[in-house]
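# Fold and contact review
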Amino acid sequence: MGNYAKCQGSKNCSKCRECDVIKLAVFGASGNGKDSKKWEEITWKPELHLSEENNKLGKMWNISLAPVISCPEGIPCGICSKGNSPDCYAVKSFIQYPSVFQAWGDNLTFVKQDMQSFFTEIYNVLKTKKNLKYFRWHVAGDILNQEYLAHMAIIANLLPKTQFLAFTKKTELDYSNLPANLVIIASQWGSYQWGNNLPKAILRATGETWELTEKQFLCPGSCVNCKQCFQLLEGESVVFDQH
Ligand code: SF4
């Protein structure tokens, strides 16, 4: 397959991470069969892809990185618990749509190759947007490291009228002294508990029935008329029911 590796379908991206090693991968077998030719043509390039909307966010600028392989190693959502693909919802889009695989892989390739230029390009695009009230980091993917987080903070400082939001499972970073318009939510998943000094996102697994406290609220499923996460404070939590 030339420079490509075929996805091993290991059902455990956290353990495999083959795409991260070789940078290129073909998921044709698990993707849409009729698009298999497109998959063969995909090569990740250092190019920026911002997205203007998606089903859950509605019209809201956002960016993603290739999921799991940009996330902390061993995270529970990178492992399949049902016998098909990793539980991470973003992986489903990533391996189903060639255009998504291209865009998110390009973004990860770009930031790994030249972080400064990556963030400069993001800023140059965002500063041209009128009334940019909200920006969502990482519909897929995660904060790569402390330097990456510092760049996110710089952009938030440069665009004080915009509210920025990221969910993260990156436990080892220092999240203190971030600008108020950059909300970082500690994403928890089952026994993956962390982030005492951050607002939290909690997964209520299928079959679990525990009641929400007054500091917890249930995600209604569409951000279009919600945006509560963008104001979440330390001690508060958003709860997602697993589907
Ligand atoms: S709680 Fe609201 S803002 Fe947060 S993810 Fe759910 S719909 Fe979006």
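Our subject is the structure listed above.
Each chain has its residues counted from 1, running along the sequence as written. Given that this is a predicted model, residues contribute local features only at a pLDDT of at least 70 and side-chain atom pairs are listed and counted only at 80 or more, while totals for whole chains, interfaces and linings are drawn from all residues.

A word on unusual backbone geometry. We note that histidine 138 has phi near 60°; this positive angle belongs to a residue other than glycine. Runs of E in the DSSP output that reach at least two residues are strands. Runs of H or I that reach at least four are helices, and both are numbered from the N terminus. When you line up the elements, histidine 138 lands in the loop between strand E3 (134-137) and helix H7 (146-158). Residue class for histidine 138 comes out buried when judged on the 22 C-beta atoms lying within 10 Å of it. Positive phi outside glycine occurs at lysine 227, with the angle close to 65°. Within the element layout of this structure, lysine 227 appears in the loop between strand E7 (216-218) and strand E8 (237-241). Working definition of burial: number of other C-beta atoms within 10 Å of the residue's own, with buried at 20 or more, exposed at 12 or fewer, and partly exposed in between, all C-beta atoms being placed from the backbone.

In this section: the site of the ligand. Looking at the ligand, the residues that line it are Cys219, Pro220, Ser222, Cys223, Cys226, Lys227, Gln228, Cys229 and Val238. Looking at side-chain class alone, the shell around the ligand contains 6 nonpolar, 2 polar and 1 charged residues. In this analysis, residues qualify as near a molecule or strand once their C-beta atom, positioned from backbone atoms, comes within 6 Å of it. Polar here means any residue outside two lists: the nonpolar Ala, Val, Leu, Ile, Met, Phe, Trp, Tyr, Cys and Pro, and the charged Asp, Glu, Lys and Arg; Gly therefore counts as polar.

Backbone-to-backbone hydrogen bonds pair the strands of a sheet. The strands run either parallel or antiparallel. Strands are treated as partners if at least two bridges between them are detected by DSSP. Reading across from one edge, E1-E2-E3-E4-E5-E6-E8-E7 is the order of the 8 strands in this open sheet, with mixed pairing throughout. Looking at the sheet topology across the chains shown, the edges are occupied by strand E1 (51-54) and E7. The mean inter-strand angle of the sheet, taken between neighbouring strand axes irrespective of direction, is 35°. When E3 meets strand E4 (residues 163-168), the two strands line up parallel, connected through 3 bridges. Its bridge partner lying in E4, tyrosine 134 is registered against glutamine 163. Fitting a line to C-alpha atoms yields each axis, with helices limited to the stretch in contact; the angle taken between N-to-C directions then spans 0 to 180 degrees.

What follows is about the nonpolar core. We define a nonpolar core as a collection of buried residues of the types Ala, Val, Leu, Ile, Met, Phe, Trp, Tyr and Cys that are connected via C-beta atoms lying within 7 Å of each other. Phe94, Trp104, Met152, Phe164, Ala166, Val183 and Ile185 are the most contacted members of the largest nonpolar core, which has 43 residues in total. Counting only elements with at least two residues in this core, the list comes to helix H4 (89-96), helix H5 (98-113), helix H6 (115-126), E3, H7, E4 and strand E5 (182-187). Counting residues per element, this core draws most heavily on H5, which supplies 7 residues. Contacts of methionine 152, omitting those with residues within four sequence positions, involve Trp137, Phe164, Ala166 and Leu182. A pair of residues counts as a contact when their C-beta atoms, built from backbone coordinates, are within 7 Å of each other.

We now examine H7. To estimate the expected span of a helix, subtract one from its residue number and multiply by 1.5 Å. Its 13 residues give H7 an end-to-end C-alpha distance of 18 Å, which sits within 8% of 18 Å, the value for a rise of 1.5 Å per residue. Buried residues belonging to H7 abut H6, E3, E4 and E5.

Pairing analysis gives 3 bridges linking E1 to strand E2 (residues 58-63), with the strands arranged antiparallel. In the sheet register, serine 51 faces E2, and the bridge partner there is asparagine 62. Between the end of E1 and the start of E2, which pair antiparallel, lie 3 residues.

All right, on to the packing of H6 against H7 then. Packing of H6 against H7 leaves a shortest axis separation of 11 Å and a crossing angle of 25°. With respect to each other, H6 and H7 are oriented roughly parallel. At the point where H6 passes H7, the crossing takes the right-handed sense. Residues Met115, Phe119, Ile122 and Tyr123 of H6 touch H7, and the partners they reach there are Glu147, Tyr148, His151, Ile155 and Leu158. Considering only residue class, the contact of H6 with H7 consists of 7 nonpolar, 1 polar and 1 charged. Should an angle lie under 35 degrees it is considered roughly parallel, over 145 roughly antiparallel, and from 65 to 115 roughly perpendicular; all remaining angles are considered oblique. Definitions for this section: a left-handed crossing has its near helix turned counterclockwise from the far helix by less than a right angle. A right-handed crossing has that turn clockwise.

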